[in-house]
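# Per-entry structural report
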Amino acid sequence: MLGARGRVGVEVCKAVEAAPDLELVAALDKDDPIEGLEGAEVVVDFTHPGVVMGNLEWAIGHGIHPVVGTTGFDEERLATIRGWLAANPGTNCLIAPNFGIAAVLMMHFAQQAARYFESVEIVELHHPNKADAPSGTARRTAELVSEARGKAGLGPMPDATTTALDGSRGADVGGVHVHAVRLSGLIAHQEVLLGGDGEILTLRHDTMSRAAFTPGVLLGVRRVRELPGLTVGLEPLLDL
Ligand SMILES: NC(=O)C1=CN([C@@H]2O[C@H](COP(=O)(O)OP(=O)(O)OC[C@H]3O[C@@H](n4cnc5c(N)ncnc54)[C@H](OP(=O)(O)O)[C@@H]3O)[C@@H](O)[C@H]2O)C=CC1
Ligand SMILES: O=C(O)C1=N[C@H](C(=O)O)C[C@H](O)C1
């Protein structure tokens, strides 16, 4: 485990230790030598967008399959990881912007609903210690929605805004506006707002405890060896 003393890492370590079929080889955090991972088959990374690429390069180079919850991935980073995997055949990597089963379902339902609505916007709400905005989950949801709209032949969404304060319309991810709230008291939440003629569908997901991420992480740990190369998202492991 990398990020073992972090908010999610603590929960993952507890879950691995409680699982009779898994062994916690090393629980490492900042400043621990990464060589402590030697001998592990899988490494779980919940660290920081600024350090995760170095961790993955080392793990893949040493034939250890990464299961990654850390966020901040874009196409350029994914292409780099694909290159490392190609140079180390037999090593796989699973990156999921959200390991919560309900969160994965929310993303899937948003993708399915997207083609029926003229307008879609996403509001993500998180604790104020989060480093990246928008969240990995919101970014991925927007990409899935954008792809579904493209396949359905939907054009740009109606928006008459001609003057706006910087940031007031949120980030544009593939034409989908994403708004990020950072507020004490929150953990991780998201609303996908889908608007049509005279009606609105709201899909809302709430994370009530970080233990919610652990069943998905353990599923990834158990199955990453059978997922060739790079897999983004938990969907294939849930038959979605
Ligand atoms: N995919 C998913 O389902 C989820 C993803 N996340 C993502 O996971 C990441 C971590 O979240 P969270 O647990 O809340 O964050 P935390 O800051 O609580 O935990 C990260 C931990 O990693 C440590 N760390 C920093 N650098 C290294 C390093 N090089 N090697 C090992 N450990 C290191 C940090 O130490 P220090 O504090 O000293 O820097 C900290 O203890 C974020 O990117 C977040 O967005 C979060 C929840 C769910
Ligand atoms: O930082 C967090 O807390 C979370 N990060 C992930 C994200 O960026 O989507 C997953 C979840 O939202 C919690």
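The structure we're discussing is the one just above.
Below is a short write-up of the structure. Treat the numbers as computed from the prediction; the structure is a model and nothing was measured.

### Structural notes on the overall build of the chain
Along the backbone of the chain there are 6 helices and 9 strands. Radius of gyration (C-alpha) of the chain: 19 Å, near the 18 Å computed for a compact globule of 240 residues. The principal-axis extent of the C-alpha atoms belonging to the chain is close to 60 × 40 × 35 Å. In the chain, buried positions account for 49% of the 240 residues.

### A few points about the site of ligand 2
As a structural note, the neighbourhood of ligand 2 is formed by T71, P97, N98, H126, H127, K130, S135, G136, T137, A188 and F213. Contacts to ligand 2 include H126, whose side-chain N or O atom sits 2.6 Å from an oxygen atom. Here G136 contributes a backbone N or O atom positioned 2.8 Å from an oxygen atom of ligand 2. For ligand 2, whose accessible area on its own is 320 Å², the fraction buried by protein is 85%. Spatially, ligand 2 is embedded in the largest pocket. Of the residues assigned to the shell around ligand 2, the class counts are 3 nonpolar, 7 polar and 1 charged.

### Thoughts on the sheet that holds strand β7 (residues 188-195)
Spatially, β5-β6-β4-β7-β8 is the arrangement adopted by the 5 strands of the open sheet, whose pairing is mixed. Each of the sheet's edge strands pairs with one partner strand only, and the pair in question is β5 (171-173) and β8 (200-207). On average, adjacent strands in this sheet sit at an angle of 20° to one another, irrespective of strand direction. In this sheet, strand β6 (residues 176-182) lies alongside strand β4 (residues 119-126) in parallel orientation, the contact comprising 6 bridges. Among the inter-strand pairings, L125 is bridged to a residue of β6, identified as V181. Strand contacts of helix α5 (residues 136-151): β4, β5, β6 and β7, with the helix running at about 170° to β4, the strand carrying the most contacts.

### Some remarks on the site of ligand 1
The full set close to ligand 1 counts 21 residues, and R7, T71, A96, F99 and K130 are the nearest of them. Within the backbone of A96, a nitrogen or oxygen atom sits 2.9 Å from a nitrogen atom of ligand 1. Relative to its unbound accessible area of 910 Å², ligand 1 is 77% covered by the protein chains. More than half of the atoms of ligand 1 fall within 2 Å of the grid points belonging to the largest pocket. Of the residues belonging to the shell around ligand 1, the class tally is 8 nonpolar, 7 polar and 6 charged.

### Some words on the pattern of salt bridges
Two side chains of opposite charge can pair, provided their charged atoms sit close to one another. Under the criterion given, the structure shown has 13 salt bridges. The salt bridge partner of D132 is K130, with a shortest N-O separation of 2.8 Å. Here D132 falls in the buried class, since its relative accessible area comes to 14%. Under the relative-accessibility criterion, K130 is labelled buried at 18%. Among the ionic pairs, R223 bridges to E226, the shortest N-O distance being 2.7 Å. Exposure remark for R223: the relative accessible area of 27% places this residue in the partly exposed category.

### Side note on the nonpolar core
V12, V44, F46, V67, L94 and F99 are the most contacted members of the largest nonpolar core, which totals 27 residues. Those elements that provide at least two residues to this core are α1 (7-18), β1 (42-45), α4 (101-113) and α6 (214-223). When residues of this core are assigned to their parent elements, the largest contribution, 5 residues, is made by α1. When residues are assigned to domains, this core turns out to be shared by domain 1 (7-95 + 211-237) and domain 2 (101-208), each giving three or more. L94 has contacts with P66, V67, V68, F99, G220, V224, L227, T231, G233, L234 and L237, leaving out every residue within four places of it along the chain. Formed by 18 residues, the second largest nonpolar core is a distinct cluster that contains A113, F117, V120 and V176.

About the cut-offs
Residue indices follow the written sequence of each chain, beginning from 1 at its first position. Chain labels run from A onward and ligand labels from 1 onward, assigned in the order the entries are written. Where totals are concerned, whole chains, interfaces and linings use all residues; where local detail is concerned, this predicted model gives features only for residues with pLDDT of at least 70, and gives and counts side-chain atom pairs only at 80 or more. Excluded from the side-chain calculation are hydrogens and water; included are all heavy atoms of the structure. The helix and strand labels rest on DSSP assignments: H or I over at least four residues marks a helix, E over at least two residues marks a strand, and numbering proceeds from the N terminus. Values of the radius of gyration come from C-alpha atoms, whereas the globule rule sets the reference at 2.2 Å times the count of residues to the power 0.38. Burial status follows relative accessibility: with a 1.4 Å probe on protein chains alone, a residue under 20% of its type maximum counts as buried, one over 50% as exposed, and anything between as partly exposed. Proximity is defined per residue: any heavy atom of the residue falling within 4 Å of a molecule or strand makes that residue near it. In the analysis that follows, any N or O atom pair within 3.5 Å is treated as a polar contact, provided that within protein one partner can donate a hydrogen and the other can accept it, and provided that, for residues neighboring in sequence, both atoms belong to side chains. All accessible-area figures derive from a Shrake-Rupley calculation using a 1.4 Å probe, and residue coverage is judged against the displayed protein chains alone. Put simply, the grid is 1 Å and covers the protein atoms alone, a cavity is a trapped set of points that fit a 1.4 Å probe, a pocket is an open set with protein on both sides within 12 Å along at least five of seven lines, and lining residues have an atom within 4 Å of a point. To decide whether a molecule occupies a pocket or cavity, check its atoms: if more than half lie within 2 Å of the grid points, it is inside. Any residue that is not Ala, Val, Leu, Ile, Met, Phe, Trp, Tyr, Cys, Pro, Asp, Glu, Lys or Arg is counted as polar, Gly included; the first ten are nonpolar and the last four charged. We treat two strands as partners when DSSP finds at least two bridges between them. For every element, the axis is a line fit to its C-alpha atoms; helices are fit only across the contacting stretch, and the angle between N-to-C directions ranges from 0 to 180 degrees. Residues are treated as being in contact if the distance between any of their heavy atoms lies within 4.5 Å. Whenever Lys or Arg places a side-chain nitrogen within 4 Å of a carboxyl oxygen from Asp or Glu, that contact is recorded as a salt bridge. Each nonpolar core is a collection of buried residues, namely Ala, Val, Leu, Ile, Met, Phe, Trp, Tyr and Cys, held together in the definition by side-chain atoms within 4.5 Å. Boundaries between domains were set according to an automatic or database domain assignment.

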